[in-house]
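Take a look at the letters that make up each chain.
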Amino acid sequence: MMWGSFSEFLAMGGYGFYVWLSFGTTALCMVWEVLAVRRRQATALQAGLSEEGANH
Amino acid sequence: MSDSRVTWSKYSSPQALYPLAGTLIPWCAGAAILFMAAGLYLGFFVAPTDFQQGEAYRIIFVHVPAAWMSMLLYVAMALWAGIGLGLKARPSFMMAQAIAPTGAMFTFLALLTGALWGKPTWGAWWVWDARLTSELILLFLYLGVMLLHASIDDLRRADRASALFALVGVVNVPIIYFSVRWWNTLHQGASVSMTAAPKMAATMLLAMLLMTIGFWLYSIAVILARLRCVMLERNRQPRWSQSAAEQDVKEVRA
């Protein structure tokens, strides 16, 4: 193991801010994109349902 | 010959594509999580510290895959746009429309993580170097394709106009790729090349490749999911969307 402790791992040899902001933003973007697509799918299905109801 | 044409039209039709995409999404998403977990483990716990850049170099495990995806997805989008224009195939336009937001997101991430790497390594968040500038243009091209599509009410005209825009913009991709060779850039040259041995430790390279495969699988999953949304939004009346989406409708009602 190359990290002596958890705080050493977080510090990233003094570059912690840059490293964790990079990985954090990427993770946030991906999670946000997945949630946004799920919301869009639910909205599209709901719209289909209400139109179906209006037609009959 | 006629057989292959029948198969092609069968799989390119929305009623076949919608459930097919639905089955592929969970497999791609699951594999993406596994590859990214393996890549992160290798990248943070096995790959050694870089003797020049210290720990800051670990940003490449997210920067390089994001940058590769930004270019790859643009080429894929332009390809579908071209097929759509050539064959007048609506599913191809839907595919191009589904790719654009994910491509734009990876371009933004490549620029952001590049800035976060540049500050500690070069001492500057941003420089107007050929590689960085052409990648910024790529972001504007993605946004242009999306805005153009959204600004035209007639769907067929919106599809054709944004497809043409996407096709013209594809010349920017080789410019990004070769910029580090054609111009004297601050951005370093390719660490991985098809012709020469990689200039990095094997574990670093492996971590980068695992992350790239993970991002690639993630992109397939999220783009197919968005493709299903586009299909539903475009086909509210036709019978196929009722039967194809029946399963999902049941889930929503439950």
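All of these numbers come straight from a predicted model, not from anything done at the bench.

*Asks:* I'm lost on the overall build of chain A in this one. Help?
*Replies:* Of the regular secondary structure elements, chain A holds 2 helices and 0 strands. Burial statistics for chain A: of 56 residues in total, 20% are counted as buried.

*Asks:* What is the right way to look at the nonpolar core in this model?
*Replies:* A general feature of soluble globular proteins is that nonpolar side chains tend to end up buried together. Among the nonpolar cores identified, the biggest contains 73 residues, and I59(B), M77(B), A96(B) and I99(B) are the most heavily contacted of them. Where this core is concerned, the elements lending two or more residues are α2 (16–55) of chain A together with α2 (14–46), α3 (60–87), α4 (90–122), α5 (130–151), α6 (155–169) and α8 (202–234) of chain B. Beyond its immediate chain neighbours, meaning those up to four positions away, I99(B) contacts L73(B), A76(B), M77(B), W80(B) and I223(B).

*Asks:* Explanation requested: the interface of chain A and chain B in the structure shown.
*Replies:* Taken together, the contact pairs 26 residues of chain A with 33 residues of chain B. Tallied by class, residues from the side of chain A that touches chain B come to 15 nonpolar, 7 polar and 4 charged.

*Asks:* Teacher, can you tell me more about the packing of α5(B) against α6(B) here?
*Replies:* When two helices pack together, their arrangement is captured by the angle between the axes and the distance separating the axes. Residues and elements named next belong to chain B. The N-to-C vectors of α5 and α6 enclose an angle of 170°; their axes lie 8 Å apart at closest approach. It follows from the interaxial angle that α5 and α6 lie roughly antiparallel. In terms of crossing hand, the pair formed by α5 and α6 is right-handed. When α5 is examined against α6, the residues L141, G144, V145, L148 and H149 are found in contact with a partner set consisting of A158, A161, S162, F165, A166 and G169. Split into classes, the residues belonging to the contact of α5 with α6 amount to 7 nonpolar, 4 polar and no charged.

Conventions adopted
Residues numbered from 1 in each chain as written. Chains lettered and ligands numbered in written order. Predicted model: local features only at pLDDT ≥ 70, side-chain atom pairs only at ≥ 80, totals over all residues. Helix = DSSP H or I, 4+ residues; strand = E, 2+ residues; numbered from the N terminus. Buried ≥ 20, exposed ≤ 12 C-beta atoms within 10 Å, placed from the backbone. Core = buried A, V, L, I, M, F, W, Y, C linked by C-beta atoms within 7 Å. Contact = placed C-beta atoms within 7 Å. Nonpolar A, V, L, I, M, F, W, Y, C, P; charged D, E, K, R; others polar. Axes fitted to C-alpha atoms, helices over the stretch in contact; angles between N-to-C directions. Parallel < 35°, antiparallel > 145°, perpendicular 65-115°, else oblique. Left-handed = near helix turned anticlockwise from the far one by under 90°.

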